[in-house]
Amino acid sequence: MSIEIRKVTAHIGAQVLGVDISEPLDAEQVAAIREALNVHKALVFDDVRLDDAGQEAFARHFGDLTTAHPTVPAVDGAPNVLPVDSERGRANHWHTDVTFVLNPPQASTLRSLTVPPYGGETLIASSAAAYRDLPEPLRALADTLWAEHTNDYDYAVPDEEIDEEKAAQRAQFTSIRFRTVHPVVRVHPLTGERGLFVGGFAQRIAGLSKDESRKVLDLLQAYVTRPENILRHRWSPNQLVLFDNRITQHYAVDNYDGAPRRLNRVTVAGDVPVGIEGKESYSIEGDASHYTSVAE
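Small disclaimer: the values here were computed from a predicted structure and weren't measured.

**Observations concerning the overall build of the protein**
A tally of regular secondary structure across the protein gives 6 helices and 16 strands. C-alpha extents for the protein along the principal axes are approximately 55 × 45 × 35 Å. Expressed as a percentage of contacts within the protein between residues at least 6 apart in sequence, the contacts between residues at least 24 apart total 82%. In the protein, 29 positive and 43 negative side-chain charges are present, and the distance between their average locations comes to 3 Å.

**Focus on the packing of aromatic side chains**
With the rule as written, the count across this model stands at 8 aromatic pairs. Seen in terms of ring centroids, Phe100 and Phe201 are 5.0 Å apart; in terms of plane orientation they differ by 85°. Their pairing is edge-to-face. Of the two residues, Phe100 is situated in the loop between β4 (82-85) and β5 (107-114) and Phe201 in the loop between β10 (194-196) and β11 (202-205); the sequence distance between them amounts to 101 residues. Each of the two residues, Phe100 as well as Phe201, counts as buried. An aromatic cluster is present here, built from Phe100, Phe173, Phe178 and Phe201 joined pairwise through their rings.

**Considerations on the sheet that holds strand β14 (residues 248-252)**
Through backbone hydrogen bonds, the strands of a sheet pair up, either in parallel or in antiparallel fashion. Pairing is antiparallel in the open sheet, where 3 strands are placed in the order β12-β6-β14. With partners counted over all chains shown, the strands left at the sheet margins are β12 (230-233) and β14, one partner each. With strand direction ignored, the average angle separating the axes of adjacent strands in the sheet is 20°.

**Re helix α6 (residues 210-224)**
For α6, which comprises 15 residues, the first-to-last C-alpha distance of 21 Å matches the rise-based estimate of 21 Å (1.5 Å per residue) to within 8%. All of the buried residues along α6 are Ser213, Val216, Leu217, Leu220, Gln221, Tyr223 and Val224. Seen along its axis, α6 keeps its buried residues to an arc of 145°; they face one direction. Of the residues in α6, the exposed ones pointing more than 90 degrees away from the buried face are Asp211 and Lys215.

**Observations concerning the nonpolar core**
Inside soluble globular proteins, nonpolar side chains tend to come together where they are buried. Core analysis: the biggest nonpolar cluster contains 25 residues, and Ile21, Ile33, Leu43, Phe45, Phe58, Leu240 and Leu242 have the highest contact counts within it. Of all the elements in the fold, those that place two or more residues in this core are β2 (14-17), α1 (27-40), β3 (42-45), α2 (52-60), β13 (240-244) and β15 (262-268). If you tally residues by element for this core, the top one is α1, at 4 residues.

**Considerations on the environment of Leu17**
Along the chain, Leu17 falls in strand β2. Given a relative accessible area of 22%, Leu17 falls into the partly exposed group. Between the C-alpha atoms of Leu17 and Val44, which are 27 residues apart in sequence, the distance is 9.0 Å. Beyond its immediate stretch of four places on either side in the chain, Leu17 contacts Ser2, Ile3, Glu4 and Arg6.

**Observations regarding the sheet that holds β3**
The strand order across the open sheet formed by 7 strands is β1-β2-β3-β13-β5-β15-β4, and the pairing between neighbours is mixed. Across the chains shown, the open sheet's two edge strands, defined by having one partner strand only, are β1 (4-7) and β4. Going across the sheet, the axis of each strand differs from the next one's by a mean of 25°, ignoring polarity. In the sheet, β3 pairs with β13 via 4 bridges, with the strands oriented antiparallel. Paired with Ala42 across the two strands is Phe243, which belongs to β13. Contacting β1, β2, β3 and β13, α1 crosses the sheet at an angle of about 130° to β3. Packed on one face of the sheet, α2 meets β3, β5, β13 and β15 and runs near 35° to β15.

Here is what the cut-offs are and how they apply
- Residues numbered from 1 in each chain as written.
- Predicted model: local features only at pLDDT ≥ 70, side-chain atom pairs only at ≥ 80, totals over all residues.
- Heavy atoms only, no water.
- Helix = DSSP H or I, 4+ residues; strand = E, 2+ residues; numbered from the N terminus.
- Contact = heavy atoms within 4.5 Å.
- Lys, Arg positive; Asp, Glu negative; His and termini not counted.
- Charge placed at Lys NZ, Arg CZ, Asp CG, Glu CD.
- Phe/Tyr/Trp six-rings, centres within 6.5 Å; stacked < 30°, edge-to-face > 60°.
- Buried < 20%, exposed > 50% of the residue type's maximum accessible area, 1.4 Å probe, protein only.
- Pairing = 2+ DSSP bridges.
- Axes fitted to C-alpha atoms, helices over the stretch in contact; angles between N-to-C directions.
- Expected span 1.5 Å × (residues − 1).
- Arc of directions from axis to C-beta.
- Core = buried A, V, L, I, M, F, W, Y, C linked by side-chain atoms within 4.5 Å.

Rendered as structure tokens:
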């Protein structure tokens, strides 16, 4: 059976049928999935029968793996697998995975383990569609901007809501401080598309004050999160979602009343982002060599 790609929305998302990703893929299958990812940015695989090792094997078709996270512990015995567990915190803010390091992952895979009876969707937004939506004067401005990304940032959570457990989680997340400057408009290395490379870890525009930066970032972010640019994925058991981390953002919706929700994440090592003038991102603070190699 040949691979079939079924588009889910106009700007982002497709369902992939006709391939068993629990088995080794041949070069033609990998190329077809990669091309679908380039076009649709996020791919959904239903009824997958994978364990952690199988998820790792699938992700390796697209490059070397990162370890689970620069600072957060992996699944026991699986150093490349990050538990995305509601009991350990909720990523209900828009972000692109690990943009605070010099070369963030190129792609992320999420596999459903425990699905709440309702809610718990993952929103995935196309930053390429967002860039295309910008009015020309705003696009011209964005093309010139660079932003500092950091894991030590204001989550906008009131102090009274930070209990001991949350404080410990935050201390773990920031146990190594990272600060990296990336282009606000990133050029995708495979497609040449331009996308807004911002999200939650982008905290300051180079050359602007904190207040000025927040206004500019909020303005650009509003284009990323337009409903037309978002895939709202409702999880079912035994699903895997593969998304291009170089040209998307995502958000885990906290709307399931504290029910258990658990996904496992495996990410593929990425390249150093490049802006429209060919200049690469640069690191200010933090060494992530323990976490990721640099993809060619």
